Amino acid sequence: MSRRAKLAMPSLRGHRVHMIPIAPIELDAIQAARDRISDVAFRTPLVRLDVRGPSREIWLKLECLQPIGSFKIRGAANAMALADPDVLARGVYTGSAGNMAQGVAFNARRLGIPCRVIVPDSAPQTKLAAIARLGATAVTVPFDEWWEVLRDHGHPDEHGFFVHPVSDPHVIAGNGTVGLEILEQLPEVAGVVVPFGGGGLSCGIASAMVAGHPEIPIYAAEVNTAAPLNASFEAGQPVDVDRVPTFVDGIGGRGVLPEMWPLASSLLAGSRVVSIEAICEAIRILAERTHVVAEGAGGASLAAAMQGVDEGDGPIVAVVSGGNIDGNVLATILEGGTP
């Protein structure tokens with residue numbers, strides 16, 4: 001059985017499967033992924049932000065403009081394109097708070113196969129509505145049970161091909177295509193800030209850059225209501241943290257997945273933790289100055305970039321990972337409030 005197949009296997013009820021650490025993603029795999037998904041995910045704009053304060057230029061990689069409003073379409077498309085057709089024909093499922101759910105559902109509809117999504121009970125209504133609109137079935141479970149799906153790489157009651165939202169090498173390779181685009185669009189880039197939910201996006205981007213440009217630091221952005229990567233860096237190993245639920249649902253998990261720790265700890269320059277208030281301010285700035293709608297996770301990277309991620313110079317890119325936010329939450333933020 002291949003390593004890829006082992007990672008996709010669901011656990012037995014009550015028993016956790018031991019996960020093999022994710023190996024570094026080769027540049028060739030990321031370049032192949034770009035060709036493979038070119039008819040599904042498009043090259044998103046990179047625009048300079050007009051903002052006073054930081055001494056460094058801030059550029060925005062607008063993944064919120066993808067067809068599903070999130071970068072997740074990239075990894076889902078690549079993983080499903082490489083899946084065994086016989087397994088895929090039985091249907092596909094994932095565990096997601098909303099954006100990977102849409103990525104998998106979008107590609108499932110395109111391929112004409114059924115899709116089910118295990119979502120936490122904290123998932124926002126706008127993402128649940130999008131899952132239904134794309135023809136997938138949402139199965140709502142308590143947050144802790146949903147977290148176990150990510151830990152165990154599957155659910156014992158589900159069948160078909162499981163697409164892990166974070167620690168599938170093919171998903172990470174698909175995410176890494178964002179890094180290829182940044183290097184092409186801004187060759188002088190001196191740093192990148194990426195929201196950290198599980199590490200699939202940040203590690204994918206870092207994998208794309210490290211081959212030719214190991215000097216470019218990649219920073220994770222986390223929210224102070226749950227910052228497991230920062231705590232893990234301090235502890236020198238993956239640790240769980242207390243989590244306070246907020247509208248920032250795309251990041252802020254209970255811990256760093258053990259199989260992702262070797263990759264994240266070796267590729268990322270560190271974690272920058274920002275407050276809910278700073279994220280709200282970043283969302284307002286994106287709406288007012290670039291006319292772009294960002295969700296909480298998408299605003300976190302800009303919040304970190306505006307606060308300053310290091311003492312270096314040169315342009316820094318903030319990856320606006322998604323724009324799927326409830327309308328009432330967005331309205332509160334735009335009015336100057338904090339949901």
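Everything that follows concerns the structure shown earlier in this document.
Quantities reported herein were computed from a predicted structural model and do not represent experimental measurements.

A.B. asks: I'm lost on the overall build of the protein chain in this one. Help?
C.D. replies: Helix and strand counts for the protein chain stand at 14 helices and 10 strands. Relative to the 2.2 N^0.38 estimate, which gives 20 Å for 339 residues, the radius of gyration of the protein chain is 18 Å and therefore close to what a compact globule would have. The principal-axis extent of the C-alpha atoms belonging to the protein chain is close to 55 × 45 × 40 Å. Out of the 339 residues belonging to the protein chain, those deemed buried represent 58%. A separation of at least 24 residues holds for 74% of the contacts in the protein chain among residues at least 6 apart in sequence. Accessible surface for the protein chain amounts to roughly 13,300 Å². Of this, 51% is attributable to carbon and sulfur atoms. Across the protein chain, the mean location of the 26 positive side-chain charges is 4 Å away from that of the 36 negative side-chain charges.

A.B. asks: It is not clear to me how empty space enclosed by the protein should be interpreted in this structure. Could you clarify?
C.D. replies: Rolled over the atoms, a probe sized like a water molecule indicates the empty space that remains. Applying the stated criterion to the full structure yields two cavities of 30 Å³ or more. Roughly 500 Å³ of volume is contained in the largest cavity. As for the largest cavity, its lining consists of 41 residues, and the residues nearest its centre are Gly197, Gly198, Asp249, Gly250 and Ile251. Put simply, the parts of the chain that give the lining of the largest cavity at least two residues each are α5 (99–111), α7 (143–152) and α9 (200–210). No other element matches the four residues that α7 contributes to the lining of the largest cavity.

A.B. asks: I tried to follow unusual backbone geometry on my own but got confused; where do I start?
C.D. replies: Peptide bonds are mostly trans, and most non-glycine residues show a negative phi. Backbone geometry places histidine 153, a non-glycine residue, at a positive phi of 60 degrees. The class for histidine 153 is buried, based on a relative accessible area of 0%.

A.B. asks: It is not clear to me how the packing of aromatic side chains should be interpreted in this structure. Could you clarify?
C.D. replies: Two descriptors summarise a pair of aromatic rings, namely the distance from one centre to the other and the angle between the planes of the rings. Going through the model one piece at a time under the given rule, you end up with four aromatic pairs. Ring centres 4.9 Å apart and planes at 45 degrees place the aromatic pair tyrosine 93 and phenylalanine 162 in the tilted group. With tyrosine 93 in strand β3 (residues 92–95) and phenylalanine 162 in strand β6 (residues 161–163), this residue pair connects regions lying 69 residues apart in the sequence. Judged on exposure class, the residue tyrosine 93 and its partner phenylalanine 162 are both buried. What links up through ring pairs into an aromatic cluster is the set Phe143, Trp146 and Trp147. Directly above the ring of phenylalanine 143 sits arginine 243, whose terminal nitrogen or CZ lies 3.7 Å from the centroid.

A.B. asks: Explanation requested: the nonpolar core in the structure shown.
C.D. replies: One broad rule of soluble globular proteins: the nonpolar side chains tend to lie buried together. Core analysis: the biggest nonpolar cluster contains 49 residues, and Val192, Ile205, Ile218 and Val317 have the highest contact counts within it. Among the secondary structure elements, those contributing two or more residues to this core are α2 (27–36), α7, α8 (169–185), β7 (191–195), α9, β8 (218–223), α11 (261–267) and β10 (316–320). Sequence-distant contacts of isoleucine 205, that is, excluding residues within four places in its chain, are made with Asn175, Gly176, Val178, Gly179, Val192, Val194, Ile218 and Val319.

A.B. asks: Looking at this model, I keep getting lost on the environment of glycine 255. Mind explaining?
C.D. replies: Considering the arrangement of structural elements, one finds glycine 255 in the loop between α10 (228–235) and α11. For glycine 255, a relative accessible area of 3% puts it in the buried group. Residues glycine 255 and glutamate 234 lie 21 residues apart in sequence; the distance between their C-alpha atoms is 13 Å. Once you skip the residues sitting within four places of it in the chain, glycine 255 turns out to touch Trp147, Pro228, Val239 and Asp240.

A.B. asks: Just to check I follow, could you spell out the packing of helix α12 (residues 276–289) against helix α14 (residues 327–334) for this structure?
C.D. replies: Two elements in contact, α12 and α14, have axes separated by 9 Å at closest approach and are oriented at 90 degrees. Here α12 is positioned roughly perpendicular relative to α14, judged by the angle of their axes. On α14, the residues touching Cys280, Ile283, Arg284 and Ala287 of α12 are Leu330, Ile333 and Leu334. By residue class, the composition of the contact of α12 with α14 is six nonpolar, no polar and one charged.

A.B. asks: Explanation requested: the packing of α12 against helix α13 (residues 296–307) in the structure shown.
C.D. replies: Across the interface, α12 lies against α13 with an axial gap of 8 Å and an inter-helix angle of 100 degrees. Taken together, the axes of α12 and α13 lie roughly perpendicular to each other. Between α12 and α13, the residues in contact are Ala278, Ile279, Ala282, Ile283, Ile285 and Leu286 and Gly296, Gly299, Ala300, Leu302, Ala303, Met306 and Gln307, respectively. Split by residue class, the contact of α12 with α13 holds 10 nonpolar, three polar and no charged.

What counts as what
- Residues numbered from 1 in each chain as written.
- Predicted model: local features only at pLDDT ≥ 70, side-chain atom pairs only at ≥ 80, totals over all residues.
- Heavy atoms only, no water.
- Helix = DSSP H or I, 4+ residues; strand = E, 2+ residues; numbered from the N terminus.
- Rg over C-alpha atoms; globule rule 2.2 N^0.38 Å.
- Buried < 20%, exposed > 50% of the residue type's maximum accessible area, 1.4 Å probe, protein only.
- Contact = heavy atoms within 4.5 Å.
- Areas by Shrake-Rupley, 256 points an atom, 1.4 Å probe, with all protein chains shown as cover.
- Lys, Arg positive; Asp, Glu negative; His and termini not counted.
- Charge placed at Lys NZ, Arg CZ, Asp CG, Glu CD.
- 1 Å grid on protein atoms, 1.4 Å probe; cavity = no way out; pocket = protein on both sides within 12 Å on 5 of 7 lines; lining within 4 Å.
- Points joined across faces, edges and corners; volume = space filled by probe spheres on them.
- Phe/Tyr/Trp six-rings, centres within 6.5 Å; stacked < 30°, edge-to-face > 60°.
- Lys NZ or Arg CZ within 6 Å of the ring centre and 35° of its normal.
- Core = buried A, V, L, I, M, F, W, Y, C linked by side-chain atoms within 4.5 Å.
- Axes fitted to C-alpha atoms, helices over the stretch in contact; angles between N-to-C directions.
- Parallel < 35°, antiparallel > 145°, perpendicular 65-115°, else oblique.
- Nonpolar A, V, L, I, M, F, W, Y, C, P; charged D, E, K, R; others polar.

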